[in-house]
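The lines below spell out each chain.
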Amino acid sequence: MKLVTPLSLLALALLLAAAPEAQTGSVTGRVTDADAQPLPGASIQLVGTERGAATDAFGRLTLSDVPSGTASLRVSFVGYLSQTVEAAVASGATSTVNVSLAPDPELIGEVVVRSEKFVRNLQDTQTSVAVLDQEQLKAIPVRDWEDATRQVGNVSTSGNGTFSSRGVPNVGVGGGSGPTAALYVDGVQQGRFGTFRTIRGAWDLEAVEVFRGPQSTLSGRNSLAGAIYLRSAAPSFEYGAAARVRGGSNDALEGAFMVTGPIIPNQLAFRVSGESGTEDRDFTYVNVTSDEDDFATTTQLDQRNLKARLLFTPTALPGLSVLGGYTRAFDRPGVANVTAVAGDDGEL
């Protein structure tokens, strides 16, 4: 049996002290998008290991104890294309790596909110908003803007321009009160009766934006419960045209058209669109003013609208864009006040 002497313990300590220390360094930097905006919560992984980190609220990354040499870092963020970068790490030093991620076009498309005071990406807005773009409106498909809002949670419609946002009706919560939710058509707020009789069809709309909850700061005092924005498609500097005809039960018949193109190449463009639709309803109006027949034809839903828009982008003033338009709408709903009178037999 061998005894451990103080001399051998001293020799072991000197041997351990003489052993080379692990050679490591640190990696810092920022992760941003294509517009140099920080991406908080981006994932950073040291390739070949299980070690990683996440960026902070300012998109900054910090990874310590990285073995010296060339380190491969895989950077990823939801909705963006992942990227692998290399960093030269020196022992006891800090290496800086800045990464810019590009959006993944196959995973998520950019949805832009335009009805706030400035244009921003849907991911960047703090407001509870749902956006149905032109492709979604065609794919669902929707017949009118009320059909579009039915695709949005916490919003319901009952026809003739009446809708509720988070359970609060747009017509007010008490007799004589003002509207509690607003409807905007191309930036113009519709009044109480304008909401009932404004453009109803969804033809040639670029987007429908539904803001839920109080929006008084952005949309005015009549938007306590929310606001709906209908945005028509803008004129194009390339010629284009489209048309649609469809029918259905109750003698429903609809027709629509759109024509757009340049007037002055790259400076002035136009867009004209129109829509018309009729449909029979389930009851007739009773004629109480004369001995003539009842107003059977007045039960027919009849709506028409015509829109003309001009886009002016003068080359003499780069960056200036002027968009103007004219809209005319006619709407006779199939449901209205009906007077019931007693017939010859005394029955209603």
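Now for a look at the structure at hand.

Basis of the calculations
- Residues numbered from 1 in each chain as written.
- Predicted model: local features only at pLDDT ≥ 70, side-chain atom pairs only at ≥ 80, totals over all residues.
- Heavy atoms only, no water.
- Phe/Tyr/Trp six-rings, centres within 6.5 Å; stacked < 30°, edge-to-face > 60°.
- Helix = DSSP H or I, 4+ residues; strand = E, 2+ residues; numbered from the N terminus.
- Buried < 20%, exposed > 50% of the residue type's maximum accessible area, 1.4 Å probe, protein only.
- Contact = heavy atoms within 4.5 Å.
- Pairing = 2+ DSSP bridges.
- Axes fitted to C-alpha atoms, helices over the stretch in contact; angles between N-to-C directions.
- Salt bridge = Lys/Arg side-chain N within 4 Å of Asp/Glu carboxyl O.
- 1 Å grid on protein atoms, 1.4 Å probe; cavity = no way out; pocket = protein on both sides within 12 Å on 5 of 7 lines; lining within 4 Å.
- Points joined across faces, edges and corners; volume = space filled by probe spheres on them.
- Nonpolar A, V, L, I, M, F, W, Y, C, P; charged D, E, K, R; others polar.

Turning our attention to the packing of aromatic side chains. Inspection of every chain in the model, using the stated rule, returns 3 aromatic pairs. Between Tyr184 and Tyr229, the aromatic rings sit 4.6 Å apart at their centres with planes inclined by 10 degrees, giving stacked as the arrangement. Remark: Tyr229 occurs in strand β18 (residues 226-232) and Tyr184 occurs in strand β15 (residues 181-185); sequence separation between them is 45 residues. With relative accessibility at 9%, the residue Tyr184 sits in the buried group. You can call Tyr229 buried: its relative accessible area is 9%. Through successive ring pairs, a cluster of aromatic residues spans Tyr184, Phe211 and Tyr229.

Okay, the environment of Ser128 next. Here Ser128 shows up in the loop between β10 (120-121) and β11 (129-133). In this structure, the C-alpha to C-alpha distance between Ser128 and Gly226, residues 98 residues apart in sequence, is 9.4 Å. Those residues in contact with Ser128, other than ones at most four positions away along the chain, are Arg166, Val210, Phe211 and Arg212.

Moving on: the sheet that holds strand β16 (residues 188-190). Working definition: the strands of a sheet are paired by backbone hydrogen bonds and lie parallel or antiparallel to each other. Spatial ordering of the open sheet is given by β11-β17-β18-β15-β16, a layout of 5 strands whose pairing is mixed. What marks the edges here is a single partner per strand, and that holds for β11 and β16. Strand-to-strand twist in this sheet, taken as the mean axis angle between neighbours without regard to direction, amounts to 20 degrees.

Before going further, it helps to spend a moment on the pattern of salt bridges. Applying the stated criterion across every chain, the model contains 8 salt bridges. Arg231 is paired through a salt bridge with Glu209; the nearest N and O atoms lie 2.5 Å apart. You can see Arg231 sitting in strand β18 and its partner Glu209 sitting in strand β17 (residues 205-212), a full 22 residues away along the chain. Taken as a pair, Arg231 and Glu209 share a single burial class, namely buried. For Arg244, the salt bridge is made with Glu275, and the minimal N-O distance between the two is 3.3 Å. Remark: Glu275 occurs in strand β21 (residues 268-279) and Arg244 occurs in strand β19 (residues 240-248); sequence separation between them is 31 residues. Several salt bridges share partner residues, and in doing so they unite Arg244, Arg246, Glu254 and Glu275 into one network.

Moving on, we come to the pairing of strand β6 (residues 83-89). Bridge analysis of strand β5 (residues 69-76) against β6 gives 7 bridges, and the strand direction is antiparallel. Bridge pairing links Gly69 to Val89 in β6. Counted between consecutive antiparallel strands, the loop separating β5 from β6 contains 6 residues, among which Gly79 sits at a positive phi close to 90 degrees.

Most of β18 is tucked away: 7 of the 7 residues are buried. Side chains Gly226, Ile228, Leu230 and Ser232 project from β18 onto one buried face, and the interleaved Ala227, Tyr229 and Arg231 project onto a second face that is buried too. As paired strands, β15 and β18 are joined by 5 bridges and run parallel to one another. Note that in β18 the partner of Ala182 across the bridge is Ala227.

Here the structure, examined in full by the defined rule, presents 2 cavities of 30 Å³ or more. Arg200, Gly201, Gln303, Arg304 and Asn305 are, among the 13 residues lining the largest cavity, the residues nearest its centre. Taken together, the elements giving at least two residues each to the lining of the largest cavity come down to β21, β22 (301-312) and β23 (322-332). Of the residues that constitute the lining of the largest cavity, the class distribution is 3 nonpolar, 6 polar and 4 charged. The volume enclosed by the second largest cavity comes to roughly 40 Å³.

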